[in-house]
Amino acid sequence: MAHVTTREEDIKIGRNGFIILLIVTFAEVGIALVGNGHLIEGLTLPKMIMIPVMIALSLYKAYYITSIFMHLGSEVKPMIATIILPMLLFIWMIIAFLWEGNSWLNSNEYIQKKNQEQVDPKGEATEGATGMLMDAQDAPKSVRFE
């Protein structure tokens with residue numbers, strides 16, 4: 001159960017939260033600008049360092065906001081799990097949809113390329129184009145069903 005705070009304590013918590021979030025946001029923006037070479041000409045940070053640091057700072061901000069401003073830090077564990085677990089499933093869903101969309105895009109580009117190959121009206125392939133997904137010499141000679 002949450003404890004009762006006075007108005008002055010609430011103002012102090014809000015002010016401290018604003019300062020912490022401001023510092024973390026400035027750090028994120030600074031890393032992005034310096035890391036991509038926008039502030040100092042010729043100075044860039046490796047993406048393998050920059051991206052995890054920015055993700056960590058963003059996760060810290062998300063934790064801080066949900067803990068302090070959404071009052072989850074003072075809740076009982078089952079209540080926190082009720083909110084966090086569906087959020088993790090939602091993140092997994094976004095990753096799965098992006099992965100599937102990328103796979104579809106790659107397959108669609110391959111199909112579009114094959115559709116643009118020229119085939120004469122008799123159904124025979126013109127020079128260099130078979131109209132097939134696989135050349136005849138690559139096809140299996142026999143098929144066994146077991």
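Residues numbered from 1 in each chain as written. Predicted model: local features only at pLDDT ≥ 70, side-chain atom pairs only at ≥ 80, totals over all residues. Heavy atoms only, no water.

Colleague: I tried to follow the packing of aromatic side chains on my own but got confused; where do I start?
Modeller: Each aromatic ring pair is described using two quantities: the centre-to-centre distance and the angle formed by the ring planes. Using the criterion set out here, one finds two aromatic pairs in the structure. Relative to F69, the ring of Y64 has its centre 6.3 Å away and its plane inclined at 80°; by these criteria the two rings are edge-to-face. For F69, a relative accessible area of 38% gives the class partly exposed. (Phe/Tyr/Trp six-rings, centres within 6.5 Å; stacked < 30°, edge-to-face > 60°. Buried < 20%, exposed > 50% of the residue type's maximum accessible area, 1.4 Å probe, protein only.)

Colleague: Got a minute to help me understand the packing of helix 1 (residues 7-35) against helix 2 (residues 47-69) in this structure?
Modeller: How two helices sit against one another is set out by the angle between their axes and by the gap between those axes. Axis separation between helix 1 and helix 2 bottoms out at 10 Å; the angle between their running directions is 165°. Classified by the angle their axes make, helix 1 and helix 2 are roughly antiparallel. Helix-helix and strand crossings are classified by hand; for helix 1 and helix 2 the assignment is left-handed. Of the residues in the contact of helix 1 with helix 2, the class split is 17 nonpolar, six polar and two charged. (Axes fitted to C-alpha atoms, helices over the stretch in contact; angles between N-to-C directions. Helix = DSSP H or I, 4+ residues; strand = E, 2+ residues; numbered from the N terminus. Parallel < 35°, antiparallel > 145°, perpendicular 65-115°, else oblique. Left-handed = near helix turned anticlockwise from the far one by under 90°. Nonpolar A, V, L, I, M, F, W, Y, C, P; charged D, E, K, R; others polar.)

Colleague: Looking at this model, I keep getting lost on the environment of I68. Mind explaining?
Modeller: Tracing the chain through its elements places I68 in helix 2. Among the residues examined, I68 registers a relative accessible area of 30% and is labelled partly exposed. On a C-alpha basis, the gap between I68 and I13 in space is 8.1 Å, while along the polypeptide they are 55 residues apart.

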